[in-house]
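Residues per chain are reported as follows:
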Amino acid sequence: MDNPSTADTDGAMETRGIEPVPDHERRGRVRELFPTWVAANISVLLLTMGAALVVFNQLNFWQVLIVAACAALASFGMVGLLSVSGKWGGAPGATLSRATFGVRGNLFPGAILWVARFGWETINAVTGAYAVLTVLDLLLGVRSNTALIVVTLFVFVACTFLVSGLGRKALNVCNTWSTYLFGVFSVLVLGYLVATMDWSEVFAKPAGTTAMMVAGIGTIAAGGISWVPTGPDFARYLPHSASGRKIVGVTVSGAGLVMVPMVLMGAVMAVASPGLAEAADPVSFLGDLLPTWLAVPYLLTAIVGMLLINSLSMYSAGFTAQTMGVKLPRATAVSINAVISLVGGLLLMLVATSFLGSFITFLILLAVSFSAWIGVYAVDMFRRRSRAVRYDAAALMDTGRSSRYWYVGGFCWQAMVSWVLALLVGLAFTKCDWFAGPLSDTPVGRYGLAWAATVVVSGVIMAVLPVPRENAPADADRPADAAASAERPERVAV
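Sequence order as written defines the numbering, with residues in each chain counted from 1. Given that the model is predicted, a residue must reach a pLDDT of at least 70 before its local features are reported, and side-chain atom pairs must reach 80 or more before they are shown or counted; all residues, however, enter totals for whole chains, interfaces and linings. Processing note: side-chain calculations cover all non-hydrogen atoms of the structure and skip hydrogens and water entirely.

Caption draft 1: Up close: the overall build of the chain. Where helices and strands are cited, they refer to DSSP runs of H or I of at least four residues and of E of at least two residues respectively, numbered from the N terminus. Scanning the chain from terminus to terminus reveals 20 helices and zero strands. Think of it in three bands: residues with accessible area under 20% of the maximum for their type are buried, residues over 50% are exposed, and the middle band is partly exposed, with areas taken using a 1.4 Å probe on protein chains only. The buried share of the chain, taken over its 494 residues, is 60%. Residue contacts are defined here by distance: any two heavy atoms, one from each residue, within 4.5 Å place the two residues in contact. Taking all contacts inside the chain whose residues are at least 6 apart in sequence as the whole, residues at least 24 apart take part in 86%. For every accessible area listed, the method is Shrake-Rupley and the probe measures 1.4 Å; residues are considered covered only by the protein chains on display. Carbon and sulfur atoms make up 69% of the accessible area of the chain, which amounts to about 18,700 Å² in all.

Caption draft 2: Seen up close, helix α4 (residues 93-101). Burial of α4 is extensive: nine of the nine residues sit out of reach of the surface. Listed in full, the buried residues belonging to α4 are G93, A94, T95, L96, S97, R98, A99, T100 and F101.

Caption draft 3: Main features of the layout of surface pockets. Here a cavity means grid points, on a 1 Å grid over the protein atoms only, where a 1.4 Å probe fits yet cannot get out; a pocket means an open set of points with protein on both sides within 12 Å along at least five of seven lines; lining residues are those with an atom within 4 Å of a point. Grid points are joined across faces, edges and corners, and a volume is the space filled by probe spheres set on the points. If you add up the space inside the largest pocket, you get close to 630 Å³. Forming the walls of the largest pocket are 34 residues, and the residues nearest its centre are A215, T219, I360, I364 and K431. Mapped by element, the contributors of at least two residues to the lining of the largest pocket are α2 (45-55), α9 (210-225), α15 (355-384), α18 (443-446) and α19 (450-464). Side-chain classes are defined by residue name, with Ala, Val, Leu, Ile, Met, Phe, Trp, Tyr, Cys and Pro counting as nonpolar, Asp, Glu, Lys and Arg as charged, and the others, Gly among them, as polar. Along the lines of polarity and charge, the residues of the lining of the largest pocket split into 20 nonpolar, ten polar and four charged.

Caption draft 4: Layout of the packing of aromatic side chains. For this analysis, a ring pair means two rings from Phe, Tyr or Trp (six-membered ring only for Trp) whose centres lie within 6.5 Å, classed as stacked if their planes differ by under 30 degrees, edge-to-face if by over 60, and tilted for the remaining angles. In this structure the tally under the stated criterion is eleven aromatic pairs. Taking 5.8 Å as the distance between ring centres and 65° as the angle between the ring planes, the aromatic pair formed by W37 and F76 counts as edge-to-face. Remark: F76 occurs in helix α3 (residues 61-89) and W37 occurs in helix α1 (residues 33-39); sequence separation between them is 39 residues. Under the relative-accessibility criterion, W37 is labelled buried at 0%. Taking relative accessible area as the criterion, F76 reaches 0% and is therefore assigned buried. For the ring pair W37 and W227, a centre distance of 5.7 Å and an interplane angle of 80° mean the geometry is edge-to-face. Residue W37 is located in helix α1, and its partner W227 is located in the loop between α9 and α10 (231-235); the two are separated by 190 residues in the primary sequence. Both residues of the pair, W37 and W227, count as buried. Put simply, a charge is over a ring when the Lys NZ or the Arg CZ is close to the ring centre, within 6 Å, and near the line of the ring normal, within 35 degrees. Positioned over the ring face of F382 is R385, at 3.7 Å from the centre of the ring. When the ring centre of W88 is taken as origin, the NZ or CZ atom of R390, which lies over that ring, is 4.2 Å away.

Caption draft 5: Quick peek at the confidence of the model for the chain. Known as pLDDT, the predictor's per-residue confidence is scaled from 0 to 100. Averaged over all residues, the pLDDT of the chain equals 82, while 83% of them reach at least 70. Segment residues 1-13 is flagged for pLDDT under 50; beyond a separation of four residues in sequence, or across chains, it makes 37 contacts in the model. With pLDDT under 50 throughout, residues 476-494 is counted as low confidence; its partners more than four residues away or in other chains account for 40 contacts.

Laid out in structure tokens, this is it:
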């Protein structure tokens, strides 16, 4: 059995680990998810990605708008839908995934997701460090050098680590104020662009191909897809009576409120400065396009936003580490992520020749690796919607043979087969700077739909295979409080 913490998590510092949240602590409200998903998208990388849609995909303004809206709806729609399982089971997605893959089988997709999370945290840390360097240049005229890069990245990662240890309520407060500040300065930037841009040039740009639009949706959606397995982490404090429809609506609206305008702003900026999409530094272009009085406060709020993004990511990564059997407190597990982010960030800033090329390649692989998990988990979750006990709290924490989720040797073979085959199919359709799969020249590959194919393949295989049979729960061996916290039937919309 894992060793659950029983500490309440309403304080400034959260000590609760991967164990399900008991009913008496589940006092969250759905609206609290809104600032979380707004903050999860406060990144100037969206500006760079919007610029890439114009420079590389050759899309016009209206096509970029459609791409951004579809990407937000597709990716964070999945985040919202699978977040509902968090209020069903009161546990992080990495813990609930034990019920899908088996207590041992869950280690394999968990390892892939954990490694992918390292990459995402590294990208965000590098972007945050570049933002700090740009502010230092604009305000003090301090030019970037190797020593300053090391110090700046270290400070950013250290701050991320400290913030990630805050309790859920403290993070919600930070997210809320960050949303307000970033929103105000984003409106100012938008107003400046409206007043100074040559809009006739913006709207005169010819339309790109449908293939490039579809590929663009996948690229922009990849960031949101990476949040799908962690969605339940932020919904686990919601009571059973919370509306599933509201969870989805708040998630999509919170993310879309930032994603769509940011991607559009990047596209508009690219018309004035096409080189920004190819810049080695994904942030410094703001100092060239915006006046200092606007660029500096905008970057400062963006730095806070990126700090919170990485904190949310590290917050969930600690849970993933614990479900993989890392016998460490969550704070210590998170520190491993911080060290890896620091090392990876230094390599990306000091060694890599192209930030954007590395970033786009990472996004493509990220989407495929997470999509294989999504299809399997979604089918399993769909099957649980009508059960009286959707997730067995005691069984989720029992990693021995007595667990309800032991299946066969600790593996749910149906889930494992679906996941492995879908992952292989997705990679076969993938084409990036690092490799090209054997099916990458097919329409699915050319349209950048490897991630969508992966979701469909994993879900279809899981659906057609025999329904997994869970082991009989060993009620006599359960602690009374664990049995009492098990899921009860609810009569609410899911």
